[in-house]
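Working through the structure, step by step
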Amino acid sequence: GAGVSQSPSNKVTEKGKDVELRCDPISGHTALYWYRQSLGQGLEFLIYFQGNSAPDKSGLPSDRFSAERTGGSVSTLTIQRTQQEDSAVYLCASSLNRRDRGRADTQYFGPGTRLTVL
Amino acid sequence: GNSVTQMEGPVTLSEEAFLTINCTYTATGYPSLFWYVQYPGEGLQLLLKATKADDKGSNKGFEATYRKETTSFHLEKGSVQVSDSAVYFCAPTNNSGGSNYKLTFGKGTLLTVNP
């Protein structure tokens, strides 16, 4: 079946511009995650959505970052007034989140969006 | 929160050599433990996982055992192949505060297998 898809695959923008990154999770997966992979920081958790619950935004690095998930499916990560340190690969993942006695579900990752801020 | 200490690379081996990549973590409670792999030019893929103490995850000849007493999840393979060349990430979940879904990634270990 189809995996997690992300668009665009590459995005080059100028410092100060806003960008939107899109994620389509695997059909039927109720949990959606955003991570960031950068040379300096490695792989970092950004935000987590589960069903209609309030998202866990604890990993967002600043208030320039926000994310939405519409209709429990597609998600958009928005970065306002981009800075050069925002350059990274932004990864989306989804999972079933069956909450099996507290054990974590497997997260399936998309190919990522490579963001370059000039 | 959690932290992960993963063996630093790069690691270079000859085909059919034995592989160990060490991973230790700090955590509260009982995290689930994952190894992810990133092949050249590809996205992150799950390699194997273990969700409770003493469980052994295995896939493609790789194995790792959930050792709660030593908080370790070392990755092993008895005979590596050129196609195993990739970056390997150890990733326990951060289960503080009642959650058990945030993955905390190690820095990654680059493995190169030569023919």
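None of these values were measured; they are calculated from a predicted model.

1. What to know about the overall build of chain B
A tally of helices and strands in chain B yields zero helices and 12 strands. Along chain B, helices and strands appear, N-terminal first, in the series β-β-β-β-β-β-β-β-β-β-β-β. Taken over C-alpha atoms, the radius of gyration comes to 14 Å for chain B, in line with the 13 Å a tight globule of 115 residues would show. Seen through its C-alpha atoms, chain B measures out along the principal axes to roughly 45 × 25 × 20 Å. With 115 residues in all, chain B has 50% of them scored as buried. Taking contacts inside chain B between residues at least 6 apart in sequence as the whole, the part at least 24 apart equals 56%.

2. Some thoughts on the environment of B:Ile21
By the secondary structure assignment, B:Ile21 is in strand S3 (residues 19–21). Note: C-alpha distance between B:Ile21 and B:Trp35 (14 residues apart in sequence) is 10 Å.

3. Concerning the sheet that holds strand S7 (residues 75–79) of chain A
Residue and element names in this part refer to chain A. Reading across the sheet, the four strands line up as S1-S3-S7-S6 and stay open at both edges, with antiparallel pairing between neighbours. With one partner strand each, in any of the chains shown, strand S1 (5–7) and strand S6 (65–69) form the two edges of the open sheet. Geometrically, the sheet is characterised by an average inter-axis angle of 15° between neighbouring strands, direction not taken into account. Where strand S3 (residues 19–24) meets S7, five bridges bridge the pair, whose relative direction is antiparallel. Of the residues in S7, the one forming a bridge with Arg-22 is Thr-76.

4. Some remarks on the interface of chain B and chain A
Between chain B and chain A, the residue contacts involve 16 residues of the former and 16 residues of the latter. Summed over both sides, the interface between chain B and chain A buries roughly 1600 Å², with carbon and sulfur atoms accounting for 55% of that surface. Counting the contacts that link chain B with chain A gives one salt bridge. B:Lys102 serves as the salt-bridge partner of A:Asp56, at 3.4 Å between the closest nitrogen and oxygen. Elements supplying a minimum of two residues to the side of chain B that touches chain A: strand S5 (33–38), strand S6 (44–50), strand S10 (86–94) and strand S11 (102–103) of chain B.

5. Focus on the state of the cysteines
All names here are of chain B. Under the criterion given, the structure shown has two disulfides over all chains. A disulfide bridge connects Cys-23 with Cys-90, and the sulfur atoms are separated by 1.9 Å. The chirality of the disulfide connecting Cys-23 with Cys-90 is left-handed, given an S-S dihedral of about -70°. Taken as a pair, Cys-23 in strand S4 (residues 23–26) and Cys-90 in strand S10 lie far apart in primary sequence, 67 residues in all.

6. Observations regarding the pattern of salt bridges
Where charged atoms from two side chains of opposite charge come close, those side chains can pair. Residue and element names in this part refer to chain A. According to the stated counting rule, one finds seven salt bridges over all chains in the structure shown. The shortest N-O distance in the salt bridge between Asp-24 and Arg-22 comes to 2.9 Å. A relative accessible area of 22% places Asp-24 in the partly exposed class. One salt bridge in this structure joins Glu-44 and Arg-36, with 3.2 Å as the shortest N-O distance.

7. Structural notes on the sheet that holds strand S9 (residues 75–77) of chain B
Residues and elements named next belong to chain B. Pairing in this open sheet of four strands is antiparallel, and the strands run S3-S9-S8-S7 from one edge to the other. The open sheet has two free edges, formed respectively by S3 and strand S7 (56–59), since each of these has just one partner strand. The mean inter-strand angle of the sheet, taken between neighbouring strand axes irrespective of direction, is 15°. Inspection of the sheet shows S3 paired to S9 by three bridges, in the antiparallel sense.

8. Observations regarding the layout of surface pockets
Its volume calculated, the largest pocket comes out at about 530 Å³. At the level of elements, strand S4 (31–38), strand S5 (42–50), strand S8 (88–95) and strand S10 (113–117) of chain A together with S10 of chain B are the ones that each hand at least two residues to the lining of the largest pocket. Grouping the constituent residues of the lining of the largest pocket by class yields 11 nonpolar, 12 polar and three charged. Each pocket or cavity is described by its volume, and for the second largest pocket that value is around 390 Å³. Along the wall of the second largest pocket there are 22 residues; nearest its centre are A:Gln41, A:Leu43, B:Thr104, B:Phe105 and B:Gly106. Those elements that provide at least two residues to the lining of the second largest pocket are S5 of chain A together with strand S1 (3–6) and S11 of chain B. Among the residues making up the lining of the second largest pocket, the classes are represented as seven nonpolar, 11 polar and four charged.

Cut-offs applied
- Residues numbered from 1 in each chain as written.
- Chains lettered and ligands numbered in written order.
- Predicted model: local features only at pLDDT ≥ 70, side-chain atom pairs only at ≥ 80, totals over all residues.
- Heavy atoms only, no water.
- Helix = DSSP H or I, 4+ residues; strand = E, 2+ residues; numbered from the N terminus.
- Rg over C-alpha atoms; globule rule 2.2 N^0.38 Å.
- Buried < 20%, exposed > 50% of the residue type's maximum accessible area, 1.4 Å probe, protein only.
- Contact = heavy atoms within 4.5 Å.
- Pairing = 2+ DSSP bridges.
- Axes fitted to C-alpha atoms, helices over the stretch in contact; angles between N-to-C directions.
- Buried area = accessible area lost by both parts, 1.4 Å probe.
- Salt bridge = Lys/Arg side-chain N within 4 Å of Asp/Glu carboxyl O.
- Disulfide = S-S within 2.5 Å.
- 1 Å grid on protein atoms, 1.4 Å probe; cavity = no way out; pocket = protein on both sides within 12 Å on 5 of 7 lines; lining within 4 Å.
- Points joined across faces, edges and corners; volume = space filled by probe spheres on them.
- Nonpolar A, V, L, I, M, F, W, Y, C, P; charged D, E, K, R; others polar.

Geometry only, nothing functional implied.
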